[in-house]
Amino acid sequence: GQSLEQPSEVTAVEGAIVQINCTYQTSGFYGLSWYQQHDGGAPTFLSYNGLDGLEETGRFSSFLSRSDSYGYLLLQELQMKDSASYFCAVNTGGGNKLTFGTGTQLKVEL
Amino acid sequence: DTAVSQTPKYLVTQMGNDKSIKCEQNLGHDTMYWYKQDSKKFLKIMFSYNNKELIINETVPNRFSPKSPDKAHLNLHINSLELGDSAVYFCASSQRTSMSTDTQYFGPGTRLTVL
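1. Considering the overall build of chain B
Helix and strand counts for chain B come out as zero helices and eleven strands. Along chain B, helices (α) and strands (β) appear in the sequence β-β-β-β-β-β-β-β-β-β-β when read from the amino end. For chain B, whose C-alpha radius of gyration is 13 Å, the value lies close to the compact-globule estimate of 13 Å for 115 residues. When its C-alpha atoms are laid out on the principal axes, chain B stretches across 40 × 30 × 30 Å. Classification of the 115 residues of chain B by burial places 43% in the buried group. Within chain B, contacts between residues at least 6 apart in sequence are counted, and of these 55% link residues at least 24 apart.

See below:
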């Protein structure tokens, strides 16, 4: 089967840096994506890694190590509006099929 | 300028009823998806269509039937609704189907409550 594990909850203070880890075990792998979802909202795309290494997009960076089946999302200069759920998702192939992780609830405090 | 829209936003119905959820995208994308998000926020793909052709069909009860009249629309019909169908259903679209990963754009979701 497919499994993507993430911490269920992370709490950090405004202005800090937080890392959300994702370990995966899937039958196919064509890249790791990260999505953000605010309460009551829709998932929105944040970042994608197709190859090993770091991808940076503004305050957000994402890292992938395919040999370790591991990735993380790094959020810098945290803001209150970053409080949301964050999901890693693996493209397991077969028509851009995304298998989502269990999700991490990030709470940003003053 | 809504990219992916769904109707209705909320749907409350009795067990045993049949209901439909509609989805439309104006992004010109070829591929559309239906996802189910349960109360624990677990997001799971149900179906995917590429240019009106079914390409992903996960292990979903056959009470769920997707219909794609054209590549901009993907509707979801659910027969004989059960309590366990209560969830948020998201429609999504992406530019093309390929072995690389294309960003998926999600609609606002339809919260279905079965009483």
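There is more to say, and it comes next.
2. Structural notes on the side chain of Thr99(A)
Relative to the elements of secondary structure, Thr99(A) occurs in strand S10 (residues 98-100). In this structure, Thr99(A) is in contact with Gln2(A), Leu4(A), Cys88(A), Ala89(A), Val90(A) and Thr92(A), ignoring residues within four places of it in sequence.

3. Comments concerning the packing of aromatic side chains
For the structure on display, the rule yields 14 aromatic pairs over all chains. Counting every residue linked through ring pairs, the aromatic cluster contains Tyr35(A), Phe45(A), Phe87(A), Phe100(A), Tyr33(B), Tyr35(B), Phe90(B) and Phe106(B).

4. Comments concerning the pattern of salt bridges
Opposite charge on two side chains permits pairing when their charged atoms draw close. Following the criterion strictly, the structure yields nine salt bridges over all chains and no others. When the shortest N-O distance is used, the salt bridge between Lys71(B) and Asp30(B) registers 2.8 Å. Taken together, the residues span a long stretch of sequence, with Lys71(B) in the loop between strand S7 (64-70) and strand S8 (73-78) and Asp30(B) in the loop between strand S3 (19-25) and strand S4 (31-37) at a distance of 41 residues. The partly exposed category is assigned to Asp30(B), whose relative accessible area is 25%. The salt bridge partner of Lys44(B) is Glu58(B), with a shortest N-O separation of 3.7 Å. Of this pair, Lys44(B) sits in strand S5 (residues 43-50) while Glu58(B) sits in the loop between strand S6 (53-57) and S7, and the two are 14 residues apart along the sequence. A residue is classified by how much of its surface remains accessible, and Lys44(B), at 38% relative accessible area, is partly exposed. Connected through shared salt-bridge partners, Lys97(A), Lys44(B) and Glu58(B) make up one network.

Conventions and cut-offs
Residues numbered from 1 in each chain as written. Chains lettered and ligands numbered in written order. Predicted model: local features only at pLDDT ≥ 70, side-chain atom pairs only at ≥ 80, totals over all residues. Heavy atoms only, no water. Helix = DSSP H or I, 4+ residues; strand = E, 2+ residues; numbered from the N terminus. Rg over C-alpha atoms; globule rule 2.2 N^0.38 Å. Buried < 20%, exposed > 50% of the residue type's maximum accessible area, 1.4 Å probe, protein only. Contact = heavy atoms within 4.5 Å. Phe/Tyr/Trp six-rings, centres within 6.5 Å; stacked < 30°, edge-to-face > 60°. Salt bridge = Lys/Arg side-chain N within 4 Å of Asp/Glu carboxyl O.

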